[in-house]
Amino acid sequence: MDRFTEYAWAHLKDHWGSAYVFSHDATQDLPFRADRRDGLGSLSAREPDELHQLVVRDYTARRVSREVAP
């Protein structure tokens with residue numbers, strides 16, 4: 001991961017980590033993943049910025065309680 005990607009990934013996890021569980025698997029076609037903490041879905045993308053856009057759209061359409069324990 002290059003420095004910009006690392007920064008974007010860290011920022012995404014810091015900002016949205018209370019609503020989504022984030023993971024990265026470089027062996028996958030869509031290596032960046034966000035699982036809703038309420039168990040109602042997951043999102044995957046090639047880059048953190050792309051995942052960020054998906055998370056914002058998902059959260060706007062159907063908010064995730066930030067009080068749900070993992």
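Check the entry above for the structure.
Residues numbered from 1 in each chain as written. Predicted model: local features only at pLDDT ≥ 70, side-chain atom pairs only at ≥ 80, totals over all residues. Heavy atoms only, no water.

**Student:** What's the story with helix 1 (residues 3–16) in this structure? I'm lost.
**Tutor:** Because each turn of an α-helix spans 3.6 residues, side chains separated by three or four positions end up pointing in the same direction. Here helix 1 spans 20 Å end to end across 14 residues, near enough to the 20 Å set by a 1.5 Å rise per residue. Structurally, helix 1 contributes buried residues whose contacts are with strand 1 (20–24), strand 2 (32–36) and helix 2 (48–61). Structurally, the start of helix 1 carries an N-cap: the backbone nitrogen of Phe4 is 3.0 Å from a side-chain oxygen of Asp2. (Helix = DSSP H or I, 4+ residues; strand = E, 2+ residues; numbered from the N terminus. Expected span 1.5 Å × (residues − 1). Contact = heavy atoms within 4.5 Å. Polar contact = N/O pair within 3.5 Å; in protein donor to acceptor, adjacent residues only side chain to side chain.)

**Student:** Just checking my understanding: could you explain the nonpolar core for this structure?
**Tutor:** For soluble globular proteins, the rule of thumb is that nonpolar side chains tend to be buried together. Trp16, Tyr20, Phe22, Leu51 and Val55 are the most contacted members of the largest nonpolar core, which has 14 residues in total. Of all the elements in the fold, those that place two or more residues in this core are helix 1, strand 1, strand 2, strand 3 (42–45) and helix 2. Every residue in contact with Val55, bar those within four places of it in the chain, is listed here: Trp16, Tyr20, Phe22, Ala34 and Leu43. (Core = buried A, V, L, I, M, F, W, Y, C linked by side-chain atoms within 4.5 Å. Buried < 20%, exposed > 50% of the residue type's maximum accessible area, 1.4 Å probe, protein only.)

**Student:** Explanation requested: the packing of helix 1 against helix 2 in the structure shown.
**Tutor:** A pair of packed helices can be characterised by two numbers: the angle between their axes and the separation between those axes. Two numbers describe how helix 1 lies on helix 2: the axes approach to 9 Å, and their chain directions differ by 20 degrees. Judged by the angle between their axes, helix 1 and helix 2 are roughly parallel. Seen along the crossing, helix 1 lies across helix 2 with a hand that is left-handed. Taking contact as the criterion, the partners of Phe4, Thr5, Ala8, Trp9, Leu12 and Trp16 in helix 1 are, on helix 2, Pro48, Asp49, Leu51, His52, Val55, Val56 and Tyr59. (Axes fitted to C-alpha atoms, helices over the stretch in contact; angles between N-to-C directions. Parallel < 35°, antiparallel > 145°, perpendicular 65-115°, else oblique. Left-handed = near helix turned anticlockwise from the far one by under 90°.)

Keep in mind these values describe shape, not function.
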